[in-house]
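What the coordinates show
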Amino acid sequence: EPEVTQTPSHQVTQMGQEVILRCVPISNHLYFYWYRQILGQKVEFLVSFYNNEISEKSEIFDDQFSVERPDGSNFTLKIRSTKLEDSAMYFCASKGDTDTQYFGPGTRLTVL
Amino acid sequence: DAKTTQPPSMDCAEGRAANLPCNHSTISGNEYVYWYRQIHSQGPQYIIHGLKNNETNEMASLIITEDRKSSTLILPHATLRDTAVYYCIVRDPTGNQFYFGTGTSLTVIP
């Protein structure tokens, strides 16, 4: 069964550093998403991406965040200058023709 | 914002049916009811969804009331691996995001 995959599973970085979280969506899916979950809190939407552009973003997704589909298979989330409060689980999701989003296992980001 | 209300926690004996309720009294005619679950900080896992009719798949059954203001997810024979947080989500298919609430933490007891 096809799955969304994410790398790395755990990323530790220093405050102020840039990080790139990587996702490989399900191969025939065209809609891509990033969500995050701060420890003990709800899963929150960050951004949706379709046809090589952002289709919707939340208030959380400020100028320090960016997304890219660099090579037709990967979908990346970049955080330019990480802050302590960016520590969270980051989940990638994708969907195809149906409305169901399928989530990856997540990347745990720890900002020190 | 999440438009659903779920009990914060429930227990279920292993092998018995787990019935997880959800209220969505403000649901609109074109909004679907989705259920996902999250096992210990893993990625949310899709379970089932429906619009008006009851639905069943290999994982669960979804019972939606006739007025569509509430629904119940049924895990027919709960196992220890079903221990998770279960999210009921009402979704407009024209939107992009899923709004996750706080869900129901289901504990399956041996």
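The present account deals with the structure reproduced in this document. (Residues numbered from 1 in each chain as written. Chains lettered and ligands numbered in written order. Predicted model: local features only at pLDDT ≥ 70, side-chain atom pairs only at ≥ 80, totals over all residues. Heavy atoms only, no water.)

**Things to note about the sheet that holds strand β8 (residues 84-91) of chain B**
Residues and elements named next belong to chain B. To be explicit about the condition: Strands are treated as partners if at least two bridges between them are detected by DSSP. Secondary structure counts use DSSP, requiring at least four H or I residues in a row for a helix and at least two E residues in a row for a strand, with both numbered from the N terminus. Geometry is summarised by axes, namely lines fitted to C-alpha atoms with helices restricted to the contacting stretch, and by angles between N-to-C directions that run from 0 to 180 degrees.
The mixed open sheet is built from five strands, whose spatial order is β1-β9-β8-β3-β4. Two strands bound the open sheet, and with one partner strand each, they are β1 (9-13) and β4 (45-50). Geometrically, the sheet is characterised by an average inter-axis angle of 25° between neighbouring strands, direction not taken into account. Note that β1 and strand β9 (residues 104-109) share five bridges and pair parallel.

**Considering unusual backbone geometry**
Among all residues save glycine, negative phi is the norm, and among peptide bonds the norm is trans. Selection rule: Accessibility here uses a 1.4 Å probe with only protein chains present; expressed as a share of the type maximum, an area under 20% marks a residue as buried, one over 50% as exposed, and anything in between as partly exposed.
For the bond running from Thr7 of chain A to Pro8 of chain A, omega is -10°, close enough to zero to count as cis. Here Pro8 of chain A lies in the loop between β1 (5-7) and β2 (10-13). Positive phi values are uncommon outside glycine, yet Asn51 of chain A reaches one of about 55°. For Asn51 of chain A, the location among the structural elements is in the loop between β5 (43-50) and β6 (53-57). Accessibility expressed as a relative area gives 59% for Asn51 of chain A, which makes it exposed. A positive phi angle, near 40°, is found at His40 of chain B, a position not held by glycine. Along the chain, the position of His40 of chain B falls in the loop between β3 (32-38) and β4. What makes His40 of chain B exposed here is its relative accessible area of 74%.

**Overview of the pairing of β8 of chain B**
All names here are of chain B. Burial of β8 is extensive: seven of the eight residues sit out of reach of the surface. Of the pairings in the sheet, the one linking β3 to β8 comprises seven bridges and is antiparallel in character. Residue pairing in the sheet places Tyr34 in a bridge with Ile89 of β8. For β8 and β9, the ladder comprises three bridges, and the chain directions are antiparallel. When the sheet's bridge partners are listed, Val85 is paired in β9 with Ser105.

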